[in-house]
Every structure is written in C-alpha cells, then in structure tokens.
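# Observations on chain architecture
If you want the building blocks of each chain, they are given just below.
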Amino acid sequence: MAPESNDTEDFAALLQEYEQQNPDQSQRRTYRVGEMVKAPVVSISREAVFVDLGAKSDGMLDIAELLDADGKVTVAVGDLLEARVVDAGKAGCVVLKRTLGRGPDAKNELQQAFAAGVPVEGMVTGVNQGGVEVQVAGVRAFCPISQLD
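The following refers to the structure shown.

## Thoughts on the environment of V49
With respect to the helices and strands, V49 occurs in strand 2 (residues 48-51). A sequence separation of 13 residues divides V49 from D62, and the C-alpha atoms of the two residues are 6.4 Å apart. When neighbours within four sequence positions are excluded, V49 is seen to be in contact with V41, S43, I44, G59, M60, L61, I63, L66, V75 and L81.

So this is what it looks like as structure tokens:
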C-alpha cells in the first residue's frame, strides 16, 4: 500500500519544525581526513581525550599525545584543542592527532598522510642544491625549494 501524499507533506513539515527548534542538530557536519579542527575538550578518560566537534560523533585523541614529561595530562575539560582528522569513522568517533608519531609507526603515518594529501610539518636540518633536508616525525626527508611554506 503506497503512502498518501499528505503523510509525506506532514513528515516534511514535522522535520522542518524540528530543525527550526533544534538548529544545532540540523547544522551538524562531517569531517574529512586531513582537515584541521579546533574544539573544546568534553571528557578525559585513561585512554583518550574526547572533544565536541558538533558532528554526529565526538573527536577522540589518544591520551599519550597530551601527556607531559611527567605523564600528567596537559589539558582539562573546556580547553580548546587543535588537531588534524586522521580517520573519520573509526569506532564511531572522528580520530584526531596533534602530531605525527615517531618510531615504527612514523613511516606508515607519513604514507597515510601522503595518500590523503595531508600536509605535514617538519624541521629543516640542512640545505642542499634544489631544496632542504627535513626531519618529519623522526624520518629524514627532502623538500624542494618550490614546496616550502
């Protein structure tokens, strides 16, 4: 049995009314890998820090990224964090990173950044003909002069 057109019109009217009464719900957005976000911390657990992205799900950072040399968390609930989206749907959260990792995972993370077109930051360690040597996440790299920013 096909729905009547009045049912469709009623649903559309109800949806529009809901969106007007709850503007923050209708404005929710999705995030792309590589996008920089700035969001407030909403909770801190033993394994992760969660930020409110205003999306369908929260953003999540590994707690290890936010520990100081003594192992203490460097942020509190309400603080604004700036990070880059590295996965837009893992475990129902938008996974974020502040910096590229070091060690065995660094090369894999650099390959993922390349595949996604995500810019990376590094430290210039030397100058040679046509460009500079750069350390990116503990990996030696070359950057042509034309690509420096």
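## Side note on the pairing of strand 1 (residues 36-44)
If a strand is regular, its side chains alternate between the two faces of the sheet. The sheet contact formed by strand 1 and strand 4 (residues 80-87) spans 5 bridges and is antiparallel. Bridge assignment links A39 to a residue of strand 4, and that residue is L81. One ladder, built from 3 bridges, connects strand 1 with strand 2; its direction is antiparallel. Considered in strand 2, the bridge of V41 is made with V51. Connecting the antiparallel pair strand 1 and strand 2 is a turn made up of 3 residues.

## A short note on the pattern of salt bridges
As enumerated under the stated definition, the model contains 1 salt bridge in all. A salt bridge links R140 to E133; the nearest nitrogen and oxygen atoms lie 3.4 Å apart. Looking at R140, the relative accessible area reads 61%, which means it is exposed. Residue class for E133 comes out partly exposed when judged on its relative accessible area of 24%.

What counts and how
- Residues numbered from 1 in each chain as written.
- Predicted model: local features only at pLDDT ≥ 70, side-chain atom pairs only at ≥ 80, totals over all residues.
- Heavy atoms only, no water.
- Helix = DSSP H or I, 4+ residues; strand = E, 2+ residues; numbered from the N terminus.
- Contact = heavy atoms within 4.5 Å.
- Pairing = 2+ DSSP bridges.
- Salt bridge = Lys/Arg side-chain N within 4 Å of Asp/Glu carboxyl O.
- Buried < 20%, exposed > 50% of the residue type's maximum accessible area, 1.4 Å probe, protein only.

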